[in-house]
Amino acid sequence: MEKSNITDIAHQNHELLWPNYQSRIKENDPDFIALFDNFAFDDVINQDTLDTKTRVLMILASTLGSQALTEYKMYVTAALTVGISPIEIKEVLYQSVPYVGISKIVDFILATNEIFKDRAIVLPLPSQVTSTSETRYEEGLKLQKTIFGNLIDEMYQNSPLDVIHIQEFISANCFGDYYTRNGLDIATREMVTLSFLIAMGGTESQMKAHIKGNVTVGNDRKKLINLITQLLPYVGYPRTLNAIACLNEIAPE
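Report follows, based on the coordinates. (Residues numbered from 1 in each chain as written. Predicted model: local features only at pLDDT ≥ 70, side-chain atom pairs only at ≥ 80, totals over all residues. Heavy atoms only, no water.)

A word on the overall build of the chain
Next up, step 1: Counting secondary structure elements, the chain contains 13 helices and zero strands.
Next up, step 2: Counted from the first residue to the last, the chain has its helices and strands arranged as α-α-α-α-α-α-α-α-α-α-α-α-α.
Next up, step 3: Its C-alpha atoms give the chain a radius of gyration of 19 Å, within 12% of the compact-globule value 18 Å for 253 residues.
Next up, step 4: Each principal axis of the C-alpha distribution contributes one length, and for the chain these read about 60 × 45 × 30 Å.
Next up, step 5: Burial status across the chain gives 47% buried among its 253 residues.
Next up, step 6: For the chain, contacts bridging at least 24 residues in sequence account for 74% of all contacts bridging at least 6.
Next up, step 7: Put simply, the chain has 21 plus and 31 minus side-chain charges, and the middle of one group is 2 Å from the middle of the other. (Helix = DSSP H or I, 4+ residues; strand = E, 2+ residues; numbered from the N terminus. Rg over C-alpha atoms; globule rule 2.2 N^0.38 Å. Buried < 20%, exposed > 50% of the residue type's maximum accessible area, 1.4 Å probe, protein only. Contact = heavy atoms within 4.5 Å. Lys, Arg positive; Asp, Glu negative; His and termini not counted. Charge placed at Lys NZ, Arg CZ, Asp CG, Glu CD.)

Structural notes on the packing of aromatic side chains
Next up, step 1: By the definition in use, this model includes ten aromatic pairs.
Next up, step 2: Between W18 and F41 the ring centres are 5.9 Å apart and the planes differ by 85 degrees, which places this aromatic pair in the edge-to-face class. Of this pair, W18 sits in the loop between helix 1 (8-17) and helix 2 (30-44) while F41 is found in helix 2, placing the two residues 23 residues apart along the sequence. A single burial state applies to W18 and to F41, both of which are buried.
Next up, step 3: Centroid distance F36 to F41: 6.5 Å. Interplanar angle 75 degrees. Geometry classified as edge-to-face.
Next up, step 4: For F36, a relative accessible area of 23% translates into the label partly exposed.
Next up, step 5: Each member of the aromatic cluster is reached from another via a ring pair, and the members are W18, F32, F36, F41, Y75 and Y234. (Phe/Tyr/Trp six-rings, centres within 6.5 Å; stacked < 30°, edge-to-face > 60°.)

What to know about the layout of surface pockets
Next up, step 1: As a volume, the largest pocket reaches approximately 560 Å³.
Next up, step 2: If you trace the largest pocket, you find 22 residues lining it, with M155, I170, Q206, A209 and H210 closest to the centre.
Next up, step 3: Of all elements in the fold, only helix 5 (86-100), helix 7 (136-148), helix 8 (150-158), helix 9 (164-179), helix 10 (186-200) and helix 11 (204-216) reach the threshold of two or more residues within the lining of the largest pocket.
Next up, step 4: Along the lines of polarity and charge, the residues of the lining of the largest pocket split into 14 nonpolar, six polar and two charged.
Next up, step 5: Its boundaries defined by the atoms lining it, the second largest pocket holds a volume of some 460 Å³.
Next up, step 6: Along the walls of the second largest pocket sit 17 residues, with Y21, S23, I25, E71 and M74 positioned nearest its centre.
Next up, step 7: Elements with a contribution of two residues or more to the lining of the second largest pocket: helix 2 and helix 4 (69-81). (1 Å grid on protein atoms, 1.4 Å probe; cavity = no way out; pocket = protein on both sides within 12 Å on 5 of 7 lines; lining within 4 Å. Points joined across faces, edges and corners; volume = space filled by probe spheres on them. Nonpolar A, V, L, I, M, F, W, Y, C, P; charged D, E, K, R; others polar.)

Here it is as structure tokens:
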């Protein structure tokens, strides 16, 4: 992309993700592109120490929470460019389903497959399944307790009996079916989930739980601030400030 009024650093960071990309927006909105790129690819990137692959993967996850199909497709191509594997991309995509819902994700699955086919990536990808119908609940519950500790027992104990099946579904499906898969480690999966939740909005209760989970698996306050900062240009200030409020409550400075 031509530099125009874009800073050298912003231009370099943009080129790293999309070499020689010609923006369709820039022709009619050059001032806006300069404003956005200088902020997102200079100010924001230089604020923290997240490595490029992690930053791209988390922004990719946030586009799923935001239902931003056009930006998602941009970040799938960026992810492949910086060396993120097709399996890692698909694992983020699959993991979004229990949080965002299949009705909102099916178009993203189809779009991903089209991009992969255009890149001659053979589908289906190798299976990353590790659990079975017999083990999914037990393995999911065990993993939940590893991440969230006593909170899981409290959730089961405090659940009315007529909705206890929802807690069982979370254990068996959200964690037993998805979190136990290969392709992403648990620390990365927790950051991915937090990215979904921040982008979705109205998820403060779940954000607080997953901030605790992130800290437990090794993603400390500094790393989570870095994550929240990198999502800012893509999710906006209100959701960023809500995420910071949750972080300050659960993992204060």
